[in-house]
Amino acid sequence: TEMVRLDEVVKVKGRVDVWQGKKQLVIEQIRPATAEEYELGDFLPHTKRNVEELFAELQGIVAGAANPWTRRLLESVLSDPAIAERLKRAPAGKKMHHAYIGGLLEHIVSLCGLCRRVAPHYPEIDADLLLSGAILHDIGKLDELFYERSFGYTTEGQLLGHIVIGLQLIEKKMDAIEGFPADVKLLIQHMILSHHGREEFGSPKLPSFPEALMLHYLDDLDSKLATMRESVEAEQGETEWTAKNWSLQRPLLRMDRFRQREAGAEK
């Protein structure tokens, strides 16, 4: 038997015998499985969406950007194979929200949808700048987290965090585009640094212009609604309330159970 590492997927060979009238499984061989022998989604939670369709939707959003500089930046990010392939797999977190394979991509596309709907309500908002922040704000999670056989934090993620990692990555992408405007670079840098909204939540700076502020609140909204949805779906039993959700610091009303009871009471 070969050495098996923690969280490794294994291939097992065995047989079923009958002993004293009962079936028992006899293991004959255990070895590490090769990448071609299994689907990661069979062992880790996975987005319900098709990741290729999600990625194509994101590419379409980028192609529709009117500002040529932000469009070139975003295209350079999505066309980078090292980024694209990981973006199709990465979770948005270890367990807070969108904590499943493809979760980060799902979160980004959802956030872009919010931006495209809310931005027209405020004429002063630069929609392309806002979408750039939505697509790039969490890109550092590609390296902050590991997600090959389980979810957790890399050493780089523990030491730097996704805000710093993402800032460094996007700065390199902007610097590689000849003539990239200094003002656009500065605004995008600020949006990445400030998207958590408050210093105690990890933002080195507070959102200081409308697009940065909107990004923070829409990101927070999408994250919290996902947390609620995932918590309610995971809860077992017939009660109307979930156990306390520790990230939201409250129990959550299960609307389906509540409405069933109300409908029954009306009858």
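Read on for a plain summary of the structure. (Residues numbered from 1 in each chain as written. Predicted model: local features only at pLDDT ≥ 70, side-chain atom pairs only at ≥ 80, totals over all residues. Heavy atoms only, no water.)

1. Observations concerning the overall build of the protein
Stated formally: Going along the chain from the N terminus, every DSSP run of H or I of four or more residues is numbered as a helix, and every run of E of two or more is numbered as a strand. Exposure categories follow from relative accessible area, calculated using a 1.4 Å probe and restricted to protein chains: below 20% of the type maximum is buried, above 50% is exposed, and the middle band is partly exposed. Here, two residues are considered to be in contact whenever any of their heavy atoms come within 4.5 Å of each other. Values of accessible area rely on a 1.4 Å probe in the Shrake-Rupley scheme; residue burial ignores everything except the protein chains shown. Here Asp and Glu are counted as negative and Lys and Arg as positive; His is not counted, and neither are the chain ends. In plain terms, the charge of a residue is placed at NZ if it is Lys, CZ if Arg, CG if Asp and CD if Glu.
When you go through the protein residue by residue, the secondary structure sums to ten helices and four strands. Going from the N terminus to the C terminus, the protein shows its helices and strands as β-β-α-α-α-α-α-α-β-β-α-α-α-α. With respect to the three principal axes, the spread of C-alpha positions in the protein is 80 × 60 × 35 Å. For the protein, the proportion of its 267 residues judged to be buried stands at 43%. Excluding contacts between residues fewer than 6 apart, the proportion of contacts in the protein whose partners are at least 24 apart in sequence is 52%. Accessible surface, the protein as shown: approximately 15500 Å² in total, 54% of it carbon and sulfur. In the protein, which carries 34 positive and 42 negative side-chain charges, the distance between the mean positions of the two groups comes to 5 Å.

2. Points about empty space enclosed by the protein
Rule in force here: A pocket, in this scheme, is an open set of points on a 1 Å grid over the protein atoms alone with protein on both sides within 12 Å along at least 5 of 7 lines, while a cavity is a set where a 1.4 Å probe fits but cannot get out; residues line either one if an atom lies within 4 Å of a point. Grid points are joined across faces, edges and corners, and a volume is the space filled by probe spheres set on the points. Residue polarity is assigned by list, with Asp, Glu, Lys and Arg as charged and Ala, Val, Leu, Ile, Met, Phe, Trp, Tyr, Cys and Pro as nonpolar; anything else, Gly included, falls into the polar class.
According to the stated counting rule, one finds one cavity of 30 Å³ or more in the structure shown. The calculated volume of the largest cavity comes to roughly 30 Å³. Along the walls of the largest cavity sit Ile61, Val62, Ala65, Thr70, Leu74, Asp128, Leu131, Ser132 and Ile135, which together make up its complete lining. Every element with two or more residues in the lining of the largest cavity is listed here: α1 (51-63), α2 (68-78) and α5 (127-136). Among the residues making up the lining of the largest cavity, the classes are represented as six nonpolar, two polar and one charged.

3. Some details on the pairing of strand β1 (residues 10-19)
Put simply, the rule reads: The criterion for strand pairing is that DSSP finds at least two bridges linking the strands in question.
Bridging between β1 and strand β2 (residues 22-32) involves ten bridges; their strand directions are antiparallel. Bridging from a neighbouring strand, Arg15 pairs with Val26 of β2.

4. Considerations on the packing of helix α7 (residues 155-175) against helix α8 (residues 182-194)
Our working definition: Every axis corresponds to a line fitted to the C-alpha atoms, with the helix fit spanning only the stretch in contact, and the corresponding angles, defined between N-to-C directions, vary from 0 to 180 degrees. Our angle categories are set so that under 35 degrees counts as roughly parallel, over 145 as roughly antiparallel, 65 to 115 as roughly perpendicular, and the remainder as oblique. Should the near helix be turned anticlockwise from the far one by less than a right angle, the crossing is left-handed, and should it be turned clockwise, the crossing is right-handed.
Running from N to C, α7 and α8 cross one another at 165 degrees; their axes reach a closest spacing of 9 Å. In terms of orientation, α7 and α8 fall into the roughly antiparallel class. α8 is crossed by α7, and the crossing has right-handed handedness. Counting all contacts with α7, which are made through Ile163, Gly166, Leu167, Ile170, Glu171, Met174 and Asp175, the residues of α8 involved are Lys185, Ile188, Gln189, Ile192 and Leu193.

So far we have only geometry, and geometry alone does not tell us how the molecule works.
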